[in-house]
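The primary structure of each chain is shown beneath.
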Amino acid sequence: MENQSYVADEGGHGTVLQTIRHQDPVKLEQNGTPTQVKPLREKWGRNLEFLMSCVALSVGFGNVWRFPYTAYKNGGGAFVIPYLIVLFVIGRPIYYLEMVLGQFSNRGCVKVYDLAPAMRGIGVGQTMAIFTVITYYTAVLAITLRYLIVSFSSELPWARCDPSWTNCIDSLATGNLNTAADNVTILNRTSAELYFDKTVMHSYDSLEGGLGYPDWKLVLCLIVAWLCIVGVLIKGIKSSGKVSYFLAIFPYIIMAILLIRSLTLEGAWKGISFFFTPQWDKLLDIKVWYEAVTQCFFSLTICFGGLIAYSSFNNFSNNIYQHAVIITSLDTATSLVAGCVVFGVIGHLAHVTGQEDISKVVKGGFALTFKTYPDVLAKFTHMPQFFSILFFFMLFLLGIGTLIGIVTSVITAIHDQQPRIVRWKIVIGVAAVGFCVGLVYLTPGGLFVLDLFDYFGATLATLTLAGFELATFAWIYGVNRVCKDIEFMLGIRTGLFWRICWGIVTPVLIIIILIISFINFEVKKVPTGYNALGWCLFAFSALQLPGWAIYAILKRKGPTWQESVRAAFRPMADWGPEDDQKRANYSEWIEQYRQRLAGSNENTLLHKIRQKLFS
């Protein structure tokens, strides 16, 4: 296939090159200046592959271990109200917006900022943040795989105490865990809890003595996890699209089985009732709304770059509006079902241990997944190994599905910038670096580092960059320009709801949440040097924004420095659809739109705002 290629140099000036073939990147000399011509982007085999891949990306660990505990802690059933509100005014609008710009431009999370080159640091910072997530997500996946493998034992290895453990009670036992001796209550720990701390992680109580060395079994599991990811991604998006059917659908089959089992356990309904019982006073607590926003971000995987990358492999006219509605609704439903599964099991645990107060047995995060849930599994009288295999296999598939998406984001960002590098080499490189960093989290002190990097390198960095992302798309590029792009691409006009969310509600709420996160900051209980490392990690991501802005301005050689600045915030000459003919038609379309806007003589601030949002 032959086409004329229109590419832009660093200054944003377009050049029409001679007719060339698009199969491979080619270097051409134009007035002595080498110019890189990129090949046409590969595409999903079918639209359904994109949908399944987005489901696998968005539905992950956060739905199983983060949402149930977060909901319980922040008002139970009442938490669903702020969560749904946040979903409608923040989660779904951002989800749809990222899909739109990724599909429209066929660019990843860094190159998409060709719409405002001065803001490219946002995409670079997001890529760094998502790589931080990748490194610890694979470490958690390795722990999950370790549990999955040992679940095939004749008896679950955490069911009984090791003779060397003190104050331990077998997880397969029922009844009250605590005992009394000489009028002193001895707080016993379950064998499942001690198995995780002492056998799997060899956990330290603090980082004062250093990190230690990772367990060799976990290292092997980490290797297997990365081999699975590399195996899926090595041949590009089409191979991962085929695998997405299994990764998106099969976990739901397992979840359905676990839901049926949990609902039939004694005490399960008491646990589920506890989960959904609303605490209405919590709705007035700003922290609850903060938790709803952060849960929405990490549950839907928005502002990480994965959605933009996945959408960039779409056909230009794919109806992503329907996909955005389907996936965000499905993600919420999955979180609620997972809550029923988890709290049904917790209700059973309270029943068999004689604990009337269910809050006494509720734990979140790692403790829920690798301590509480295994403890309950060991108490099953029928087929505990079978249900243990199902649970950890489901977690493993959910983790792989999410990792494939976020690793794709990093690979796409690198490949967009350096198209000459063969894709499989980038996959191997990312895997090698990710594996080496992941070893840190598998050390005896690794969970402290994981918590630190999750907060500074992922949560704080992502929320900060999300505010700038929305400001760029909504105000620098313009909500109305986005809506014109949608109209050109899909032939539909964007309603008032989306315009108000993108331009006003969503950015304002993100800024408020970011301010709250800084106000409520608490120093992590680790040595000072580790907290300093966390702040350096955050700064490294956040400072990409001013760094790349300065670079973009210096590359634009305008007649004045003001003009150079303005040029750095305007779309590059080749911004638009990937197809040359569509891009030419789009340029005419936008030029006609600009001429209509220029016909107005009004130049007030209110008029400019109205043009950005509602013209």
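Each remark here, short or long, concerns the structure printed above.
Here goes a summary of the coordinates provided. All figures in this text were calculated on a predicted structure; none of them were measured in a lab.

What counts and how
Residues numbered from 1 in each chain as written. Predicted model: local features only at pLDDT ≥ 70, side-chain atom pairs only at ≥ 80, totals over all residues. Heavy atoms only, no water. Helix = DSSP H or I, 4+ residues; strand = E, 2+ residues; numbered from the N terminus. Buried < 20%, exposed > 50% of the residue type's maximum accessible area, 1.4 Å probe, protein only. Contact = heavy atoms within 4.5 Å. Areas by Shrake-Rupley, 256 points an atom, 1.4 Å probe, with all protein chains shown as cover. Phe/Tyr/Trp six-rings, centres within 6.5 Å; stacked < 30°, edge-to-face > 60°. Core = buried A, V, L, I, M, F, W, Y, C linked by side-chain atoms within 4.5 Å. Disulfide = S-S within 2.5 Å. Expected span 1.5 Å × (residues − 1). Polar contact = N/O pair within 3.5 Å; in protein donor to acceptor, adjacent residues only side chain to side chain. Salt bridge = Lys/Arg side-chain N within 4 Å of Asp/Glu carboxyl O. Patch = residues over 30% accessible without salt bridge, like charges linked within 9 Å, V, L, I, M, F, W, Y side chains within 5 Å. Axes fitted to C-alpha atoms, helices over the stretch in contact; angles between N-to-C directions. Parallel < 35°, antiparallel > 145°, perpendicular 65-115°, else oblique. Left-handed = near helix turned anticlockwise from the far one by under 90°. Nonpolar A, V, L, I, M, F, W, Y, C, P; charged D, E, K, R; others polar.

A few points about the overall build of the protein chain
Along the backbone of the protein chain there are 22 helices and 10 strands. Counting across all 615 residues of the protein chain, residues that qualify as buried make up 55%. Taking all contacts inside the protein chain whose residues are at least 6 apart in sequence as the whole, residues at least 24 apart take part in 78%. Accessible surface for the protein chain amounts to roughly 25,500 Å². Of this, 62% is attributable to carbon and sulfur atoms.

So, the packing of aromatic side chains
Per the counting criterion, the structure on display carries 46 aromatic pairs. Considering the side-chain rings of tyrosine 455 and phenylalanine 456, the 5.2 Å spacing of their centres and the 85° angle between planes classify their relative orientation as edge-to-face. Grouping residues by exposure puts tyrosine 455 and phenylalanine 456 together as buried. When the ring of tyrosine 477 is compared with that of tryptophan 575, the centres are 5.8 Å apart and the planes differ by 80°; the resulting orientation is edge-to-face. Of this pair, tyrosine 477 sits in the loop between helix H15 (446-476) and helix H16 (479-490) while tryptophan 575 sits in the loop between helix H20 (561-568) and helix H21 (580-598), and the two are 98 residues apart along the sequence. For tryptophan 575, a relative accessible area of 3% puts it in the buried group.

Looking at the nonpolar core
Ranked by size, the top nonpolar core spans 175 residues in total, and within it Ile143 and Phe297 carry the most contacts. It is helix H4 (residues 120-150) that contributes the most residues to this core, 17 residues altogether.

Considerations on the state of the cysteines
In the structure shown here, the tally under the stated rule is one disulfide. Paired through a disulfide, cysteine 161 and cysteine 168 show a sulfur-sulfur distance of 1.9 Å. Its torsion about the S-S bond being -85°, the disulfide of cysteine 161 and cysteine 168 is classed as left-handed.

Let's talk about helix H11 (residues 320-352)
In this model H11 runs 48 Å from its N-terminal to its C-terminal C-alpha over 33 residues, within 8% of the 48 Å that 1.5 Å per residue would give. Between the side-chain oxygen at the start of H11 and the backbone nitrogen of tyrosine 321 there is a gap of 3.4 Å, and the oxygen is on asparagine 319.

Describing unusual backbone geometry
Of note in this structure, histidine 202 is not a glycine but carries a positive phi near 55°. With respect to the helices and strands, histidine 202 occurs in the loop between helix H5 (191-200) and helix H6 (216-233). Although it is not a glycine, methionine 383 adopts a positive phi angle of roughly 50°. Relative to the elements of secondary structure, methionine 383 occurs in the loop between helix H12 (365-379) and helix H13 (384-417). Overall, the relative accessible area of 51% leaves methionine 383 in the exposed class.

Quick notes on the pattern of salt bridges
The full count for this structure, using the stated rule, is 20 salt bridges. Ionic pairing is found between glutamate 487 and lysine 484, a salt bridge with its closest N-O pair at 3.4 Å. A residue pair is termed a helical-turn pair when its members lie 3 or 4 positions apart in one helix, as glutamate 487 and lysine 484 do in helix H16 at three residues. Taken as a pair, glutamate 487 and lysine 484 share a single burial class, namely buried. Note that glutamate 563 and arginine 566 form a salt bridge whose closest N and O atoms lie 3.3 Å from each other. Highlighted residues: glutamate 563 and arginine 566, both in helix H20, separated by three residues, approximately one helical turn. On the accessibility criterion, glutamate 563 (22% relative accessible area) is partly exposed.

A closer look at a nonpolar patch on the surface
Taken together, the side chains of Ile249, Ile253, Ile257, Met383 and Phe386 make up a nonpolar region of the molecular surface, amounting to roughly 440 Å² of accessible area. Top element by residues in the nonpolar patch is helix H7 (residues 237-263). It accounts for three residues. Assignment of secondary structure puts phenylalanine 386 in helix H13.

A word on the packing of H13 against helix H14 (residues 423-441)
In contact at an axis separation of 10 Å, H13 and H14 are set at 125° when each is read in the N-to-C sense. Overall, the two elements H13 and H14 adopt an arrangement that is oblique. Crossing hand, H13 versus H14: right-handed. In contact with Val407, Thr408, Val410, Ile411, Thr412, Ile414 and His415 of H13, H14 contributes Arg423, Ile426, Val427 and Val430. Across the contact of H13 with H14, the residue classes tally to seven nonpolar, three polar and one charged.

Some remarks on the side chain of threonine 412
By the element assignment, threonine 412 lies in helix H13. Threonine 412 has contacts with Arg41, Gly108, Ala309, Phe313 and Arg423, leaving out every residue within four places of it along the chain.

Regarding the packing of helix H9 (residues 286-300) against H15
Close contact between H9 and H15 brings their axes to 11 Å; oriented N to C, the two are set at 90°. Judged by the angle between their axes, H9 and H15 are roughly perpendicular. Of the residues in H15, those in contact with Tyr290, Thr294, Phe297 and Phe298 of H9 are Ala458, Thr459, Thr462, Leu463 and Ala466. Its residues assigned to classes, the contact of H9 with H15 shows six nonpolar, three polar and no charged.

Quick notes on the environment of aspartate 205
Checked against the element boundaries, aspartate 205 lands in the loop between H5 and H6. Separated by 239 residues in sequence, aspartate 205 and proline 444 have C-alpha atoms that sit 8.9 Å apart.

Topic: the environment of serine 171
When you line up the elements, serine 171 lands in the loop between strand E7 (168-169) and strand E8 (179-181). The exposure class of serine 171 is buried, given its relative accessible area of 0%. Here the alpha-carbon distance between serine 171 and leucine 156, two residues 15 residues apart in the chain, equals 9.8 Å. Filtering out sequence-adjacent residues up to four positions away, serine 171 remains in contact with Trp158, Ala159, Thr190, Ser191, Ala192, Asp375, Ala378 and Lys379. Engagement of the side chain of serine 171 in a polar contact is seen with the backbone nitrogen of alanine 192, the distance being 2.9 Å.

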